[in-house]
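# Working through the structure, step by step
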Amino acid sequence: MEFALITLLNGLSYGLLLFLLSSGLTLIFSMLGVLNFAHASFYMLGAYFAYAISVKLGFWPALLLAPLLVGVLGALVERFGLRHVRRHGQAAELLFTFGLSYVIVELVQLAWGKSALPYAIPAQLDGPLFTLYSTTFPLYRAFMMLLALLILLTAGWTLKRSRIGLLIQAALTHPQMVEALGHNVPRLFTLVFAAGCGLAGLAGVVGGNAFVTEPGMAAGVGSIIFVVVVVGGLGSLRGAFIASLLIAILQTYAVALDVSLASGLAHWGVQINPDATAYPLLQLTLAQVAPLLPYLLLVLVMLLRPRGLSGVRD
């Protein structure tokens, strides 16, 4: 019970962080149709900005200011870069954001160096939430989970109930009508892109000190968030939420269950000859193949349900 509960909570906390990161990418794609390859770089910027601010002002001002700074930077990217290449089609958008991701990484290395930064968890949240037998669950992970759930509820309400959400959805299908009513459609799209980048920055603020803040952090999560978005269904916030939890729990249990197929067969009395051709593969443990599981899930979903679990857009 101790193992199952703690592993499940660790998986949920990691999954909710993935959702916090992938929700911004989902928002941008569902509203603008742009698959932002630089999204993980904005996540990295959130962590670096939070570190720089927390050194001067503390963690709580950084939690507010760092996502705002990332959002402003995202607005500038959309206004003075992405808007001009959009007229050339989606290939130009993909190439622009792909190149931007490398530019951001190089700028970060020039500003902060290539070593990991000592971005620490705030003292108020550095401790156990509870202890189950001999295992403790960190208070900071619970804070991350609560923050991600609040973002989910806020994003859902904003898109479905608020005036700005209704305007954005109307601008997707009837932009001329929305402009005729006196609204600035390009400005709405800039706001959406800024909000998506700000969500990535917020994920960087809470994820940078929970894991590690270094230039490779963008590459570490870049591929996994695209797996989450595709498995959940491009443009579906609900799908991204489900896929984030599914992938995170699957990986967490795989890492924790450090067993191999050979050991499992031996437990049932089936002995494999070490000279057998497939013996090295049977010796691989779940922990070793855990990084492959999200991509295997991606392949499976593409074969059985190409639109994803909750796909709303072709």
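To keep things clear, this report deals only with the structure shown in the data block. (Residues numbered from 1 in each chain as written. Predicted model: local features only at pLDDT ≥ 70, side-chain atom pairs only at ≥ 80, totals over all residues. Heavy atoms only, no water.)

## Quick notes on the packing of aromatic side chains
Overall, the coordinates contain 14 aromatic pairs when judged by the stated rule. Plain terms: the ring middles of Phe 19 and Phe 241 are 5.4 Å apart, the flat faces sit at 90 degrees to each other, and that makes the pair edge-to-face. Linking Phe 19 in helix α1 (residues 2-32) with Phe 241 in helix α10 (residues 237-256), this pair joins segments that are 222 residues apart in sequence. Between Tyr 51 and Tyr 119, the ring centres sit 6.5 Å apart and the planes meet at 70 degrees, which makes this aromatic pair edge-to-face. Here Tyr 119 lies in the loop between α4 (90-112) and β1 (128-132) and Tyr 51 lies in helix α2 (residues 39-57), a separation of 68 residues in the sequence. Assigned by exposure class, Tyr 51 and Tyr 119 land together as buried. An aromatic cluster of three or more residues is present, and its members are Phe 37, Phe 98, Tyr 102 and Phe 226. The cationic tip of Arg 79 hangs over the ring face of Phe 80; the distance from NZ or CZ to the ring centre is 5.1 Å. (Phe/Tyr/Trp six-rings, centres within 6.5 Å; stacked < 30°, edge-to-face > 60°. Helix = DSSP H or I, 4+ residues; strand = E, 2+ residues; numbered from the N terminus. Buried < 20%, exposed > 50% of the residue type's maximum accessible area, 1.4 Å probe, protein only. Lys NZ or Arg CZ within 6 Å of the ring centre and 35° of its normal.)

## Examining the pattern of salt bridges
Counted according to the given criterion, the structure contains 3 salt bridges. Across the pair Arg 86 and Glu 78 runs a salt bridge whose closest N-O atoms are separated by 2.8 Å. Between Glu 93 and Arg 86 there is a salt bridge whose closest N-O contact spans 3.5 Å. By relative accessible area, Glu 93 is classed as buried at 5%. A relative accessible area of 24% means that Arg 86 is categorised as partly exposed. (Salt bridge = Lys/Arg side-chain N within 4 Å of Asp/Glu carboxyl O.)

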